[in-house]
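# A closer look at the structure
Each chain is listed here by its residues.
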Amino acid sequence: NASLSLLVLMEPGHWTDVQPNDIRWEHKLVVVLVGLPARGKSFIAYKLVNFLCWGSTRAEIFNAGKMRRVIMKDGSKSTSDFFDSSNNQGFQKRERIAMMTLDMALDWLEKEGDVAIFDATNSTKARRQAVLDRCFDRSEYLNVLFIESICDDQQVLLKNKLCKIANSPDYRGWDQKKALQDLNKRIENYKKAYETIDEDSLSYIKLIDLQSKVIFNRIYGNVANTIVRFLMCIHNRMAPIYLCRAARFEAEESLTEQQQQQQEEEEEEEKANLSSSTAPNDGTDHNSRTKTTMPRSSSSRSPFLQPKATTMPASLAQTTTTTTTSTSTSTSTSTSTST
C-alpha cells in the first residue's frame, strides 16, 4: 500500500515496482543553494538548519567552500583568480570539490539525516544538472529543492559583503579595503558564467533581496512547503527584541487580599438581603431598616396578643376633647370585655 500511494502521487497511471530503499529516499530532501557570492546563501543555510532542527527535523549544512579550505593547502588564501571561469585548472578543482561535498551530504542522508543543505554557488545550468544526476544516481525518488538568492539592493549587498569579509576564513588577516576589492573581482568572475534558474521542470524557490519577494515553483511535500513559509519571513535587518518577565509584588498581593475580603462581605450582605426578601409578608416593610407595625382593629386581634401599654405625651393629653375621651372610654370597655 505504501509503494502504491507513492506511485500515484508521483506519476499517476505509471506502475512499477518500488523497493523499500526507494520508499526511504522518498522522505529525504536535498536543498541546493544557488547564487553569486555575498548573496546571503550561508546566512539562509544557517537560518534554515536552525529552524528545521527546532522542528525535530535532522538537518545539516555541507559547505563547498569549507571543504575547499580543508583539501587545498593554500585554500585559506584563495584569491579571485582561482574563481575565474577562464581558469581551467581552478574550474576542475572547484567541480571536484563540489561533487565531494555533495557525496558527503548524500552519505549522511542515507545513514541518518532528513534534510541536507548543499551550500555552494551552483551558478550554471551544467553544475545544477550534474547535482541532479548525482542525487538521482542514489535514488530516483530523492527530492531535490533549489533555493536561489538574488540580490540587487546595494545596501543589502554592501552589508553582505562586509559580513563575508569579517567572517570568511578566505579574508582572515586582510585589510578591509583590499578584501572588498578582491571580493568584488571574484563576484565579477562568477557573473561571466552565471545563469539564473528558469527551468520549469525544477523544484525551486527564488528569494529576492532576502526579504522583498519570494517566487517558488513545483513545491511538493510537507518539508518543502514549510521551507517556503519560513523563507517568506526571513530578513537580515536589525530589529529590537523585547523580553517581558511576569512578576507579582507584595503590594499587589495585599491589594488582592483586600479585594477578596471585600468581595466576601458583599456576597454575605447579598445573601442576607435575599433571605429577608423571601420571608412571609406579615405587614412588615423589609426594605426599610426600621420595622413598623400596620394598625389593626381591636376585634381582629388575637386574645393572646395584647398591645403594650404606652404613655401619652403631656402635650397631647392637654389637647384631647370630650369626644376623644368618650371614644377612649368605649375602647377601654371593649378591651376589658375582651380580657
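You'll find the structure just up there.
Residues numbered from 1 in each chain as written. Predicted model: local features only at pLDDT ≥ 70, side-chain atom pairs only at ≥ 80, totals over all residues. Heavy atoms only, no water.

## Considerations on the nonpolar core
- Val-31, Ile-117, Ile-147 and Ile-227 are the most contacted members of the largest nonpolar core, which has 27 residues in total.
- Of all the secondary structure elements, the ones that give two or more residues to this core are strand 1 (29-34), helix 3 (41-54), strand 2 (59-63), strand 3 (115-119), strand 4 (143-150), helix 7 (154-167), strand 5 (204-208) and helix 9 (222-231).
- Leave out the neighbours within four places in its chain, and Ile-117 touches Val-31, Leu-33, Ala-45, Leu-48, Val-49, Glu-60, Ile-61 and Phe-62. (Core = buried A, V, L, I, M, F, W, Y, C linked by side-chain atoms within 4.5 Å. Buried < 20%, exposed > 50% of the residue type's maximum accessible area, 1.4 Å probe, protein only. Helix = DSSP H or I, 4+ residues; strand = E, 2+ residues; numbered from the N terminus. Contact = heavy atoms within 4.5 Å.)

## Here's the deal with the sheet that holds strand 6 (residues 213-217)
- The sheet built from six strands is open, its strands ordered 2-3-1-4-5-6 with mixed pairing. With one partner strand each, in any of the chains shown, strand 2 and strand 6 form the two edges of the open sheet. With strand direction ignored, the average angle separating the axes of adjacent strands in the sheet is 20°.
- Against the sheet, helix 3 contacts strand 1, strand 2, strand 3, strand 4 and strand 5, and its axis sits at roughly 160° relative to strand 2. (Pairing = 2+ DSSP bridges. Axes fitted to C-alpha atoms, helices over the stretch in contact; angles between N-to-C directions.)

## Some thoughts on unusual backbone geometry
- In the Ramachandran plot, Asp-209 falls in the positive-phi region, its phi being about 55° despite a non-glycine side chain.
- Take Asp-209: it is sitting in the loop between strand 5 and strand 6.
- Despite not being glycine, Arg-218 has its phi angle at roughly 55°, a positive value.
- Looking at the secondary structure, you find Arg-218 in the loop between strand 6 and helix 9.
- By relative accessible area, Arg-218 is classed as partly exposed at 43%.

## A word on the environment of Cys-151
- Counting through the fold element by element, Cys-151 comes out in the loop between strand 4 and helix 7.
- Overall, Cys-151 belongs to the buried group, its relative accessible area being 2%.
- Expressed as a C-alpha distance, the spacing of Cys-151 and Gly-35, which sit 116 residues apart in the sequence, is 8.9 Å.
- Once residues lying within four places of it in the same chain are set aside, the contact partners of Cys-151 are Arg-39, Val-156, Leu-157, Asn-160 and Asp-209.

## Quick look at helix 8 (residues 176-191)
- Taking 1.5 Å of rise per residue, 16 residues should cover 22 Å, and helix 8 covers 22 Å from first to last C-alpha, within 8% of that figure.
- When we look at burial in helix 8, the residues that qualify are Ala-179, Asp-182, Leu-183, Arg-186, Ile-187, Asn-189 and Tyr-190. Around the axis of helix 8, the buried residues are gathered within 155° of arc, so they sit on the same side. In helix 8, the exposed positions angled more than 90 degrees off the buried face are occupied by Lys-177 and Lys-178.
- Structurally, helix 8 contributes buried residues whose contacts are with helix 5 (88-111) and helix 7.
- The residue sitting at the N-terminus of helix 8 and contributing the capping side-chain oxygen is Asp-175; that oxygen lies 3.2 Å from the backbone nitrogen of Lys-177. (Expected span 1.5 Å × (residues − 1). Arc of directions from axis to C-beta. Polar contact = N/O pair within 3.5 Å; in protein donor to acceptor, adjacent residues only side chain to side chain.)

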